[in-house]
Amino acid sequence: TGSIVAFKIVDQGGKPTLQPAWSSREIPSPSAPIVVNGVVFVLASGEYLPPAGSNTTAAIRAQRSTNAVLYALDATTGKELWKIEYPESFQAPDPTAGKGPNSTPTVDGDRVYMLGLGGMLHCLGTDKGNVIWKHDCQKEYWGVKTIPIYGDQWFPPCGASASPLVDGKNVLIPIGGEKAGAFTAFNRDKGEIVWKALNDRSSYASPTIASTPIAPKIGLAVTIASTRWFDAVCRLDGPLPPMPRPA
């Protein structure tokens, strides 16, 4: 279980002191929250976590777990403004990995983007949580090749973990695989793939914007979970030529 707690800073004897302002309803396994324009956005896996030392079986744990949920809360009062939920059945090969969520929602203007542990990518309206577009990465982009123990060759074994990065009209996410590429740029408005780069596994790391000697203009760099070496750098408007490999 879990919840979101807000604190206020008060002056006590000339010293700033934190005091609880509000606590949200119970939110099973919440992600790190973000606050934009007076609204708290937090993604929860809904996973039931039994008390330490209990003999709760995996079957009971799964039975008590709920859907993955994105909550929008009033940052002043903690009141729930809206929520959207969907079934999240993904279970990592390593049971100790848990059900996340591992990523944090991203807000850009009137849109909020979230990537669930099992690869459900949503673009929602920030006002009411209406679905503008979505992709089921497991069905659309993965499931092409498998490898022993870890299953899907393109999917991170412990689940999708990267937080979306918005740049202009593109939403950048390391999806992974031949269909979507290790780097994928989705159109902000319609969710269509604008460009993709590198046929490799997805990444646990969130993308970041940086300038590099090979790309003096703003570029995209991210750590790729791969058994082979490469330096994965892309321009924000599309992939760069292959980088030289070390000797």
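Report follows, based on the coordinates. (Residues numbered from 1 in each chain as written. Predicted model: local features only at pLDDT ≥ 70, side-chain atom pairs only at ≥ 80, totals over all residues. Heavy atoms only, no water.)

Considerations on the overall build of the chain
The helix and strand inventory of the chain stands at two helices and 20 strands. For the chain, buried positions account for 46% of its 247 residues. Within the chain, residue pairs in contact and separated by at least 24 positions form 47% of the contacts whose partners lie at least 6 positions apart. Accessible area for the chain stands at about 12800 Å²; split by element, carbon and sulfur atoms hold 54% of it. (Helix = DSSP H or I, 4+ residues; strand = E, 2+ residues; numbered from the N terminus. Buried < 20%, exposed > 50% of the residue type's maximum accessible area, 1.4 Å probe, protein only. Contact = heavy atoms within 4.5 Å. Areas by Shrake-Rupley, 256 points an atom, 1.4 Å probe, with all protein chains shown as cover.)

What to know about the nonpolar core
Formed by 20 residues in total, the largest nonpolar core has its most connected members in Tyr141, Trp142, Ile173, Ile175 and Phe186. Within the residue set of this core, elements represented by two or more residues are β8 (111-115), β9 (120-125) and β14 (170-173). When residues no more than four places from it in sequence are discounted, the contact partners of Trp142 are Gly118, Gly119, Cys137, Asp152, Trp154, Phe155, Ile175 and Gly176. Phe41, Leu70, Ala72 and Val112 belong to the second-largest nonpolar core, a separate cluster that totals 14 residues. (Core = buried A, V, L, I, M, F, W, Y, C linked by side-chain atoms within 4.5 Å.)

Side note on a nonpolar patch on the surface
A surface patch of nonpolar side chains, about 430 Å² in accessible area, is lined by Val5, Phe7, Ile9 and Leu18. In terms of residue count, strand β1 (residues 5-12) provides more of the nonpolar patch than any other element does, three residues in total. Tracing the backbone shows Ile9 in strand β1. (Patch = residues over 30% accessible without salt bridge, like charges linked within 9 Å, V, L, I, M, F, W, Y side chains within 5 Å. Salt bridge = Lys/Arg side-chain N within 4 Å of Asp/Glu carboxyl O.)

Some points on the pairing of strand β2 (residues 15-23)
Bridging between β1 and β2 involves eight bridges; their strand directions are antiparallel. Bridged to Ala6 within β2 is Trp22. Counting the residues that bridge the hairpin from β1 to β2 gives two residues, and of these Gly13 lies at a positive phi of roughly 65°. (Pairing = 2+ DSSP bridges.)

Considerations on the pattern of salt bridges
In the structure shown here, the tally under the stated rule is seven salt bridges. The partner of Arg111 in a salt bridge is Asp110, with the nearest N and O atoms 3.5 Å apart. Under the relative-accessibility criterion, Arg111 is labelled buried at 13%. Judged by its relative accessible area of 45%, Asp110 is partly exposed. Each of Asp108, Asp110, Arg111, Arg188 and Asp189 takes part in one network of salt bridges that share partners.

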